[in-house]
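# Coordinate analysis (summary)
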Amino acid sequence: MLRIQCPYCGERDHDEFSYFGDATKVYPPLGAEHHDAWVEAVYQRDNPKGEHLEFWQHTLACRRWLVVRRNTVSHDILDVMPARERPLS
Amino acid sequence: MSAPLDTGGVNRVPTGGRIDRAQPVTLTHDGKTLGGFVGDTAAATLLAHDIHLVARSFKYHRPRGIMAAGVEEPNALLTVGSGARQEPNIAATALELHFGLHTRSQNAWPSVRFDLMAVNSLLSPFFVAGFYYKTFMGPTRKAWMFYEHFIRKAAGLGVATTQADPERYDWQHGFTDVLVIGSGPAGLSAALGAAQAGLDVTLVEQDFELGGALLAQPVDSASSQWLNHMLAALRATGRVQTLTRATAFGLYDGNTVGVAERTAPGRADAKLGAPRQRLHILRAGHVVMACGALERPLVFAGNDTPGVMLAGAVGSYVNRFAVRPGRQAVFAVNNDAAYGDAMALARAGAKVCIADLRPTVDPVMLGQAQAVGIEVLTATAVAAASGGQRVRSCSMVPFDLALGKATGAVFTRDVDLVAMSGGWTPSVHLSSHRGIKPRYRDDLGAFVPGGFDAGHAGAGAMVGCQDLAQAIGSGWGAAQEAAVRRGMALATEMPNAPLGADLSMAFATCGPIAAAKAKGKAFVDFQNDVTVDDIDLAHREGYRAVEHLKRYTTLGMGTDQGKTSNLNALAIMAARRSLGMDVVGTTTFRPPYTPVTIGTLAGRSVRSHLAPVRRTAMHDWHMAHGGDMMEAGNWKRPLWYHGHGETLSQAYKAEMVFVRTQVGIADVSTLGKIDVQGPDAAEFLNRVYVNGFAKLPIGKARYGFMLREDGIVMDDGTTSRIGETAFFMTTTTAQAARVMSHLEFLLQVVWPDLRVTVASVSDQWAAMSMAGPKSREVLMAAFPGVDFSTEALPHMGLRDVVLDGALAGISVRIIRLTFSGELAYEVYTPTHFGLRIWEHLLECGKPWELRPYGLEALGSLRIEKGHVVGSEMDGRTTLGDMGMGRMASTVKPFWGGALMRSENLIRDDRPTLVGLEAVDAKEPPNNGAILFFSTDAIQGHGRGHVTSTTFSPTLGKAIALGLLQGGTRHIGQEVIAASPVHGRQYRLRVVDPCFLDPAGERYRV
């Protein structure tokens, strides 16, 4: 049972949240002229062994999108932040 | 009966033990009544009555007896109870004796004494490891289909009930500062230390008594007194919650431990709400694992004979249960700890001989053993035990451990008991559950936990402690660690080990194998009937890695998870490969530590509580008026109404007819509804939908599609403009939650600068669809103040009204749109008025024979019009696939637009939407049937598939929608719809997906 510290609600069980994957992706502007950048954002993933920045939405409580820094090997959660504060590469 | 009830059996020692002789209880085993006492296990009672033979082995059906005294028992699995409460494969050694306990042997017919399946033993040369794999290959592969039936009937041990479980199971979520697993000396020490430091402690023990290894000490010993003292001290802190009969079966992420607690026997009562078992999901600040160690057997021929037991178990039966399992015993050992067990048995009146593999033995211990009449033979190995249904003799041989071979002639002793001890193995299961592999310690000849994460600690024998003082110290150290992590310090001095305590844990200092060759099977894994020969075979055939060894031989795969077999098997394989144990490694330990009843994991989420039930405001009305309810996700929706036909097939057609000729009303409250508001709401919707919404006039609705980021269609819906900055969005029922998360993602992550709020209002609005040529008349009668003329409320128009008169104050939102292709209106009202408005409409609709119609008719009407739903928008299809490519705006960008025209999504050979009508059949083709051109061979992937099917009463034929390569280019041609699973094929003709009124004249009136 992962325990996630929601910045708005406090520490909760992971099953209050929905997982949405890689949070390092940056979406290009809308428009077909950015096709290649969209391919990069939608399909390319690093899949790191170790620290992973990922989206979780607190769907059963505050509905906020969060970014969690989790170690994919040990499952330790190192950091939780509101999604708009996520570090962008 | 072998003895009067009150003496508790012929092998019962008259004094001592922890049993309560003031409370006799009987065990009924295989129909025989046996006298025992509270505090016994079923195994103790059986042994007290000299019953060793209780089972037949898995593969060979060899006679098997009780080997251990705890959960590691591989042989003595019994079936408990009967009927709906029957439970197979329960270890007799962990089964608490209680009033009314009935047990039965299993896996034997007609009895354990005379088992016809023992014929398997004769075929044993064929049943070696890899039997199925080798036998049913090549020309005999098809034979598997024939033999499988018989093999499956013969496989397995006990038989499970097929009746529903009448018992109740609870879940309990818990939080605790320090969770201590195991109540042996290390666990008690850790619990006391932490509690006295001011931390809240939960102590979990799988046995029904606290004490762990201390329970196997004589009741009048110094260690027993120490145990009582510790238990009193724990109670005195007032901060220790104790759970007995509670197995910590898994260590999970987030310092969470799963504990399965069994209610005391006789206390479970579903009628009173008392659960049979309780699942604790415990979240701990700190977890201390004091899981102890398990004893290893020795490997010699016939080591599975009833009457061959683990030495520690013998000691436990004598000291804890006052049972002497035999009168003439040989102890086969390679360590010091077993001497204590041998001496306990000797003091209970048995004649004991110790065959010690080691060349020399501690002289003090030797003297003590000899003082109680034990004959000690050093440098001696047991070669074989023999006896069939009870061990009768034991062959031994002088053995040189260094050379690894016999140095003399075999000699035999008459015995009725052989006790074997290959040393003790730390129980590393829990600490390995999160992937930390155990590491090998040469000095212990065993694996210990490979490490601990922050917030976890180990203590006692589990981490290699060898005596009581070390165990107490390590438990205390773990408490210290927990306290320090919380910024606290231990309050008191560590408790002293009791003087004269003789509890010691001996880890093997040499290999567990007595390699003296003898004829007969030498077992490594008793439960799965895996012998030394099987391991040798695996090695010869190349299955040498531990993971291969395990799966090829099935060792360690029984309900005992190899607790008594893993290490011996690894040692044998390591020896064959001439590698160190540290190199060979172990397989992966996974939860649960011991079997957990599925009912406990399900808790109360069973039957109707498996998932939440969502009901609309009109649910009770549907139930009362013949609605045949079906599940759409968590929702209950009426599929059809019983008054409209005797069967579904009749009813939906009748409902379709009266919608197309008169008027019908359907409950569509389950649709997703989302409130979208803000200065940038219009811009937001423009980006979300493929078509334009920014210029949607107030009071108008528009049908739109949204795409996923990869250009595939996500959902369709109708969004209406309520005001300059306010919109009302609807989605499909199935995608409502997903669309909501999607919108929130876009607003919070991608475009946080847009000033828009979204709120789910799906449950807040009830919705009904009034459809049919008479729908306008009905609404005019129901809402007389509203102008329903086509000028005032055109197609895709919206009107919000507040009613007056008898329904004064009730808001109603009316959107004129159609799913069926008839003139139709969706009527929304707040949920708590849903039923009133529904009934009001039905009342007003009487002159036009307004009737309700169900989901089947609703779905079929839209097929006639070629409207797409989830079957077409299945997560693989694009707008273009559904013939809606022109809906996508060319002037404004939208989500998914960039990848919508990816190479693969605009290929010419993609299956696209077509209508299909049956050429000759009256019934529609199966949904999902694969489409082929008439010139194709019916094989392979085909040209597309059928997505929606129905029978059209208006057209008088079976029709369908499908996705076909080339799509509407093939209009007029015949195709085949093949359903190999059903063994059917249909001839269909390709037509336009809109079967009825393509110009829309019926709804534009």
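One can find the structure itself at the top, above this paragraph.
Remember, it's a predicted structure, so these values are computed and weren't measured experimentally.

Rules of the game
- Residues numbered from 1 in each chain as written.
- Chains lettered and ligands numbered in written order.
- Predicted model: local features only at pLDDT ≥ 70, side-chain atom pairs only at ≥ 80, totals over all residues.
- Heavy atoms only, no water.
- Helix = DSSP H or I, 4+ residues; strand = E, 2+ residues; numbered from the N terminus.
- Buried < 20%, exposed > 50% of the residue type's maximum accessible area, 1.4 Å probe, protein only.
- Contact = heavy atoms within 4.5 Å.
- Areas by Shrake-Rupley, 256 points an atom, 1.4 Å probe, with all protein chains shown as cover.
- Buried area = accessible area lost by both parts, 1.4 Å probe.
- Salt bridge = Lys/Arg side-chain N within 4 Å of Asp/Glu carboxyl O.
- Pairing = 2+ DSSP bridges.
- Axes fitted to C-alpha atoms, helices over the stretch in contact; angles between N-to-C directions.
- Phe/Tyr/Trp six-rings, centres within 6.5 Å; stacked < 30°, edge-to-face > 60°.
- Lys NZ or Arg CZ within 6 Å of the ring centre and 35° of its normal.
- Patch = residues over 30% accessible without salt bridge, like charges linked within 9 Å, V, L, I, M, F, W, Y side chains within 5 Å.
- Right-handed = clockwise from strand over helix to strand, strands pointing away.

Bringing the overall build of chain A into the picture now. A count of helices and strands for chain A gives 1 helix and 6 strands. Starting at the N terminus, the α and β elements of chain A follow one another as β-β-β-α-β-β-β. Principal axes of the C-alpha set define a box for chain A whose edges measure 45 × 30 × 20 Å. For chain A, with 89 residues in total, the buried portion stands at 45%. Looking at chain A alone, contacts between residues at least 24 apart form 47% of all its contacts between residues at least 6 apart. Here chain A displays about 4800 Å² of accessible surface, and carbon together with sulfur accounts for 47% of that area.

Glancing now at the interface of chain B and chain A. Residue-level contacts link 25 residues of chain B with 27 residues of chain A. The junction of chain B with chain A conceals about 2300 Å² of combined surface from both sides, 58% of it contributed by carbon and sulfur atoms. Ranking the residues of chain B by area buried against chain A places E709, Q748 and A898 of chain B at the top, with a combined share of 25%. One can count 2 salt bridges joining chain B with chain A. Close ionic contact of D13 of chain A with R283 of chain B constitutes a salt bridge, the shortest N to O distance being 2.4 Å.

This part covers the sheet that holds strand β35 (residues 713–723) of chain B. Residues and elements named next belong to chain B. A sheet is described by the order of its strands in space; here 5 strands give the open sequence β34-β35-β36-β33-β37, paired in antiparallel fashion. The open sheet terminates on both sides in strands that have one partner only, identified here as β34 (701–707) and β37 (757–760). Ignoring which end each strand starts from, the neighbouring axes of this sheet average 30 degrees apart. In this structure, β34 lies alongside β35, joined through 7 bridges in antiparallel fashion. In the sheet register, L707 faces β35, and the bridge partner there is V713. Where helix α19 (residues 736–750) meets the sheet, it contacts β33 (672–677), β34, β35, β36 (726–731) and β37, and its direction lies at approximately 160 degrees from that of β37.

Within the structure shown, the criterion is met by 53 salt bridges over all chains. Its salt-bridge partner being D529 of chain B, residue R64 of chain B comes within 2.7 Å of it at the nearest N-O pair. Residue R64 of chain B is found in strand β4 (residues 63–64), and its partner D529 of chain B is found in the loop between β28 (523–525) and β29 (530–531); the two are separated by 465 residues along the sequence. A residue is classified by how much of its surface remains accessible, and D529 of chain B, at 0% relative accessible area, is buried. As a salt-bridge pair, D920 of chain B and R987 of chain B come within 3.0 Å of each other at their nearest N and O atoms. With D920 of chain B in the loop between β43 (911–918) and β44 (930–933) and R987 of chain B in strand β48 (residues 984–991), this pair connects stretches of sequence that are 67 residues apart. For R987 of chain B, a relative accessible area of 37% corresponds to the partly exposed category. Beyond isolated ion pairs, a larger network of salt bridges with shared partners links R3, E11 and D13 of chain A together with R283 of chain B.

All names here are of chain B. The strand order around the closed barrel built from 6 strands is β43-β46-β45-β44-β47-β48, with neighbouring strands paired in antiparallel fashion. On average, adjacent strands in this sheet sit at an angle of 45 degrees to one another, irrespective of strand direction. Across 6 bridges, strand β47 (residues 974–979) lies against β48 in antiparallel orientation. Paired with I976 across the two strands is R987, which belongs to β48. Relative to strand β45 (residues 944–952), helix α22 (residues 855–865) is tilted by about 115 degrees, and along the sheet it contacts β45 and β46 (957–965).

Within this structure, the stated rule accounts for 25 aromatic pairs over all chains. Aromatic pair W621 of chain B and Y641 of chain B: ring centres 6.4 Å apart, planes at 65 degrees, arrangement edge-to-face. In this pair, W621 of chain B sits in helix α16 (residues 619–624) while Y641 of chain B sits in strand β31 (residues 635–641), placing the two residues 20 residues apart along the sequence. The two residues W621 of chain B and Y641 of chain B agree in class, both being buried. Cluster of aromatic residues (ring-pair linked, three or more members): F20, Y27, W38, F55 and W65 of chain A together with F684, F745, W751 and W895 of chain B. In this arrangement the basic side chain of K521 of chain B is found over the ring face of Y60 of chain B, its NZ or CZ atom lying 4.9 Å from the centre.

Together, V119, L122, L123 and F126 of chain B make up an exposed nonpolar region whose accessible area comes to about 430 Å². Secondary-structure assignment places F126 of chain B in the loop between β7 (101–104) and α2 (131–135).

Bringing the pairing of strand β9 (residues 201–204) of chain B into the picture now. Residues and elements named next belong to chain B. Side chains V201 and L203 project from β9 onto one buried face, and the interleaved T202 and V204 project onto a second face that is buried too. Relative to β9, strand β8 (residues 169–181) runs parallel, the two being bridged by 4 bridges. Note on β9: the bridge partner recorded for V180 is L203. When β9 meets strand β10 (residues 240–243), the two strands line up parallel, connected through 4 bridges. Bridged to V201 within β10 is V240. Between β9 and its parallel partner β10, the chain crosses via helix α5 (residues 222–237), and the hand of that crossover is right-handed.

What follows deals with the environment of R604 of chain B. All names here are of chain B. Along the polypeptide, R604 turns up in the loop between α15 (598–602) and α16. With relative accessibility at 42%, the residue R604 sits in the partly exposed group. In this structure, the C-alpha to C-alpha distance between R604 and T26, residues 578 residues apart in sequence, is 33 Å. If we skip the residues at most four places from it in the chain, R604 touches R168, Y169, D170 and H609.

Once that is clear, we can look at the environment of L567 of chain B. Residues and elements named next belong to chain B. Along the chain, the position of L567 falls in helix α13 (residues 566–577). Owing to a relative accessible area of 7%, L567 belongs among the buried residues under this scheme. In sequence terms L567 and T586 are 19 residues apart; their C-alpha atoms lie 8.2 Å from each other. The residues touching L567, leaving out its near neighbours within four places in the chain, are R296, T425, G445, A446, F447 and M581.

Moving on, we come to unusual backbone geometry. Cis geometry is found at the peptide bond from P591 of chain B to P592 of chain B, where omega equals 0 degrees. For P592 of chain B, the position within the fold is in the loop between α14 (581–584) and α15. In this structure, H75 of chain A is a non-glycine residue whose phi angle is positive, near 70 degrees. Mapped onto the secondary structure, H75 of chain A falls in the loop between β5 (65–71) and β6 (77–82).

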